[in-house]
Amino acid sequence: MTDRGSPILDTVDLALRIRRHAVRMANRGKSSHIGAVLSIADILAVLYGGILRVRPEDPDWADRDRFILSKGHAGAGVYAVLAETGFFPVEELRNHYANGSRLSGHVSHKGIPGVEISTGSLGHGLSIGVGMAFAARMDDRRHRVFVLMSDGECDEGSNWEAILFAAHHKLSNLVAIVDYNKIQSLKPVAETLALEPFAGKWRAFGWDVLEADGHDHAALAEAVKVPPRKEGKPLCVIAHTTKGKGVSFMENSVLWHYRSPQGEEYARAMGELGVDVDAE
Amino acid sequence: MIRALEGLAEADPDVMLVTGDLGFGVLTRFSERFPRQFINAGVAEQNMTGLAVGLALEGKTVFTYSIGNFPTLRCLEQIRNDACYHDANVKIVCVGGGFTYGSLGISHHATEDLAILRALPGITVIAPGDPVEAAAATRAVYRTKGTCYLRLGRGGEPLIHAGEIDFQVGKAIRLAEGTDVAILTTGGILDVARNARERLAVSGLSVGLYSVHTLKPIDRDLVVELAGRVGLIVTLEEHTVIGGLGGAVAEIVARMPNPKARLEIVGLDDCFSSIVGDQEYLRSVYGLTADAVVAKVQALLTARRR
């Protein structure tokens, strides 16, 4: 146990485990959004493996850092990282998407230790995070609030309301991480509602902005380290990612926003993640 | 309402007021007395509501404040997914229920809010009938866990209650007892209901009058008791006839095996109120006056006697 509340883990190994769980969950639950989960596996591993001050044995610890997955459709990734870091048994991941299970497709806080907020409709998480960050500062608390967003989600006007508010109120205890994989639901972001100049937009709204390779653990950890880079500004980390990262045939493909890996595709995907499904 | 809120904020430093850039003059004193507990979220109701949820989940009791449909319909999904689903202590205050802002046009007529908000699981919906009820309701929603909707007029509504009232969430207030007819009403149109009752009483009818300030959870026991006892229940609301007070009462009466009462729902018919006029004028256009209620009751009772 360190002063961050939980032990520093091998984040590369953790990311690999998240990816394996996610592909298994997508296979077993016949669920969609695997591409979106693989996109954020490294971000989740870096956060839960060494950045977030959280206590798996005491998930409601008052001084924990708050983490909100605003792109709720990638909930499988959060369930996987919470299970791997000891918030609940890994075996429970088998119930993802199952009738009567707690683990819904979009991330749910009901009865699941470690999940702050249920999301699923896009454009909600950042505002809630803004409120949490405001309250923390009001009460002179030291924890930080992290919100992981998608790029397509930045189409939602509510986010820009929150972005205005966070800068105006100088919420330097707030970190927004955008999973910028550049593919949204039907088409590339650039062909849907172009976000570029994306970093420039956040800067113009008054945020401190860093861009990082969203699969480079050292770069991600450097971007979100304590203390914050600039006093008086919330931080946006634009994480350049690859949708479907880690499984070659899922990478940069809109198809895998929806498709569930079955049969041969499942075996191939798991094989690329170092697992022989026939031996499982 | 705002005076009651100041009292709460003084006693509890975790009480917060977040406005969507409205309340000129009205909120000034609060913002000056309690600057730490006051936020102007700007003209951004979705963020106002999400932000309120974040604050509430960190231990605050947060009143969001705006007019008409802005704090409700504009950010309905934030109320549903973020506030209600997370049992957040967010108290949504709408100023300008019904035709309060009549002349401003339909954008400012809150005439479907009760039905829409009432449909959300886990929410408490309250529309006080006069300033005394409004102050009591403010204190009541503070004490009530979870998400609440408080639908107000604009202040200056006629005072109906002379003294202290026993305001309990989910418990209607009886203003008069009657055996022939019961008038149930919600919100600031209570004075119209009172006038209608007085005139019916003069005509020799025994008419009860109830302020059903809490629309959800509704006073089911009262509705069941009245429906088994009187010949006619009239609901009156400054709101569409779909799904508001009339709807809530109908949901109860329709499930009773043998209700004695027939039910008449008086409200705004299923239309947009596009006629220009102040509150009183619009009430008269859409049949929400004491005259209209009296005429309706007399016609229904005459028809029944035949």
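Each chain has its residues counted from 1, following the order in which its sequence is written. Note on labels: chains are lettered from A, ligands numbered from 1, in written order. Per-residue local features of the predicted model are confined to residues with pLDDT of at least 70, and side-chain atom pairs are confined, for both listing and counting, to 80 or more; whole-chain, interface and lining totals are unaffected and use all residues.

**Some remarks on the overall build of chain A**
Stage number 1. Counting its regular elements, chain A contains 9 helices and 5 strands.
Stage number 2. By the criteria applied, helices consist of DSSP H or I runs no shorter than four residues and strands consist of E runs no shorter than two, each listed in order from the N terminus. Along its sequence from the N terminus, chain A presents helices and strands in the succession α-α-β-α-α-β-α-β-α-α-β-α-β-α.
Stage number 3. For 280 residues, the compact-globule estimate of 2.2 N^0.38 gives 19 Å, and the C-alpha radius of gyration of chain A, at 18 Å, lies within 12% of that figure.
Stage number 4. Dimensions of chain A, computed from the C-alpha atoms along their principal axes, are close to 55 × 45 × 35 Å.
Stage number 5. Residues with at least 20 other C-beta atoms within 10 Å of their own are called buried, those with 12 or fewer are called exposed, and the rest are partly exposed. The C-beta atoms themselves are positioned from the backbone. Here chain A holds 280 residues, and 53% of them are scored as buried. Here the radius of gyration uses the C-alpha set of atoms, whereas the globule reference equals 2.2 Å times the residue count to the power 0.38.

**Focus on the overall build of chain B**
Stage number 1. Each helix and strand counted, chain B has 11 helices and 12 strands in total.
Stage number 2. Radius of gyration (C-alpha) of chain B: 19 Å, near the 19 Å computed for a compact globule of 306 residues.
Stage number 3. Projected onto its principal axes, the C-alpha positions of chain B cover 65 × 40 × 35 Å.
Stage number 4. Sorting the 306 residues of chain B into buried and exposed places 53% on the buried side.
Stage number 5. In chain B, of all internal contacts separated by at least 6 residues, the share reaching a separation of at least 24 is 77%. A residue pair is marked as a contact if its C-beta atoms, positioned from the backbone, fall within 7 Å.

**What to know about the sheet that holds strand S5 (residues 235–240) of chain A**
Residue and element names in this part refer to chain A.
Stage number 1. A pair of strands is considered paired only if DSSP assigns at least 2 bridges between the two. In spatial order, the strands read S1-S2-S3-S5-S4; together these 5 strands make up an open sheet with parallel pairing. Looking along the sheet, the strands with just one partner apiece sit at the ends: strand S1 (66–69) and strand S4 (208–213). Pairs of neighbouring strands in the sheet enclose a mean axial angle of 20°, with direction left out of account.
Stage number 2. In the sheet, S4 pairs with S5 via 6 bridges, with the strands oriented parallel. Across the sheet, residue aspartate 213 finds its bridge partner in S5, namely histidine 240. Note on method: axes are straight lines fitted to C-alpha atoms, helices fitted across the in-contact stretch only, with angles between N-to-C directions ranging 0 to 180 degrees.

**Details of the packing of helix H3 (residues 45–57) of chain B against helix H4 (residues 76–84) of chain B**
The geometry of a pair of packed helices is captured by two quantities: the angle between their axes and the separation between those axes.
Residues and elements named next belong to chain B.
Stage number 1. Packing of H3 against H4 leaves a shortest axis separation of 9 Å and a crossing angle of 10°. Judged on the interaxial angle alone, H4 and H3 are roughly parallel. Taken together, the residues of H4 that come into contact with H3 (itself represented by Gln46, Thr49, Gly50 and Val53) are Gln78, Ile79, Asp82 and Ala83. When describing relative orientation, an angle under 35 degrees is termed roughly parallel and one over 145 degrees roughly antiparallel, while 65 to 115 degrees is termed roughly perpendicular and anything else oblique.

**A short note on the interface of chain B and chain A**
Stage number 1. On the chain A side, the residues contacting the 21 residues of chain B number 19 residues.
Stage number 2. At 9 residues, H3(B) tops the list of elements feeding residues into the side of chain B that touches chain A.
Stage number 3. Residues that form the side of chain B that touches chain A fall into these classes: 8 nonpolar, 8 polar and 5 charged. Residue polarity follows a fixed list, in which Ala, Val, Leu, Ile, Met, Phe, Trp, Tyr, Cys and Pro are nonpolar, Asp, Glu, Lys and Arg are charged, and the others, Gly among them, are polar.

**Some thoughts on the domain arrangement of chain B**
Residues and elements named next belong to chain B.
Stage number 1. Delimitation of the domains relies on an automatic or database domain assignment. Its domain assignment divides chain B into domain 1 (2–152) and domain 2 (173–305).
Stage number 2. Just the C-alpha atoms count here: the centres of domain 1 and domain 2 sit 27 Å apart.
Stage number 3. Contacts between domain 1 and domain 2 engage 24 residues on the former and 30 residues on the latter.
Stage number 4. Elements with a contribution of two residues or more to the side of domain 1 that touches domain 2: helix H5 (113–118), strand S5 (124–126) and helix H6 (131–143).
Stage number 5. Taken together, the residues that form the side of domain 1 that touches domain 2 break down as 10 nonpolar, 9 polar and 5 charged.

**Quick notes on the sheet that holds strand S4 (residues 90–95) of chain B**
Paired through their backbone hydrogen bonds, the strands of a sheet run either parallel or antiparallel.
Residues and elements named next belong to chain B.
Stage number 1. The sheet built from 7 strands is open, its strands ordered S2-S1-S3-S4-S6-S5-S10 with mixed pairing. Looking at the sheet topology across the chains shown, the edges are occupied by strand S2 (38–40) and strand S10 (214–216). Strand-to-strand twist across the sheet, computed as the mean angle between neighbouring axes with direction ignored, equals 20°.
Stage number 2. The pairing of strand S1 (residues 15–19) with strand S3 (residues 61–67) spans 5 bridges and is parallel. Counterpart to valine 15 in the pairing with S3 is threonine 61.

**Describing the packing of helix H1 (residues 11–28) of chain A against helix H3 (residues 75–84) of chain A**
Residues and elements named next belong to chain A.
Stage number 1. Relative orientation of the contacting elements H1 and H3 amounts to 125°, with a least axis distance of 9 Å. Relative to H3, the element H1 lies oblique. Crossing angle aside, the handedness with which H1 passes H3 is right-handed. When H1 is examined against H3, the residues Leu14, Arg17, Ile18, His21, Ala22, Met25 and Ala26 are found in contact with a partner set consisting of Ala76, Gly77, Ala80, Val81 and Glu84.
Stage number 2. When the residues that make up the contact of H1 with H3 are grouped by side-chain class, the tally is 8 nonpolar, 2 polar and 2 charged. Throughout, a crossing is termed right-handed when the near helix is turned clockwise from the far one, and left-handed when it is turned anticlockwise from it by less than a right angle.

**Things to note about H6(B)**
Stage number 1. In a regular helix each residue adds 1.5 Å, so 13 residues correspond to 18 Å; H6(B) covers 19 Å between its end C-alpha atoms and thus fits that length.
Stage number 2. Among all positions of H6(B), only Pro131(B), Glu133(B), Ala134(B), Ala136(B), Ala137(B), Thr138(B), Ala140(B), Val141(B) and Tyr142(B) are buried. In this scheme, a helix's expected span is set at 1.5 Å multiplied by one less than its residue total.

**Considering unusual backbone geometry**
Residues and elements named next belong to chain A.
Stage number 1. The residue after glutamate 196, namely proline 197, is reached through a cis peptide bond having omega -5°.
Stage number 2. Here proline 197 lies in the loop between helix H6 (189–192) and helix H7 (198–204).
Stage number 3. In this structure, lysine 30 is a non-glycine residue whose phi angle is positive, near 50°.
Stage number 4. Summarising the element assignment, lysine 30 is placed in the loop between H1 and helix H2 (34–51).

**As for the nonpolar core**
Residue and element names in this part refer to chain A.
Stage number 1. As used here, a nonpolar core is made of buried Ala, Val, Leu, Ile, Met, Phe, Trp, Tyr and Cys residues. They are joined through C-beta atoms within 7 Å. Judged by nonpolar contacts, the single largest core of 184 residues is most densely connected at Ala22 and Val237.
Stage number 2. Considering each element in turn, this core owes the most residues, 13 residues, to H2.
Stage number 3. Apart from the residues within four sequence positions on either side, alanine 22 is in contact with Ile34, Val37, Leu38, Ala41, Ala76, Gly77 and Ala80.

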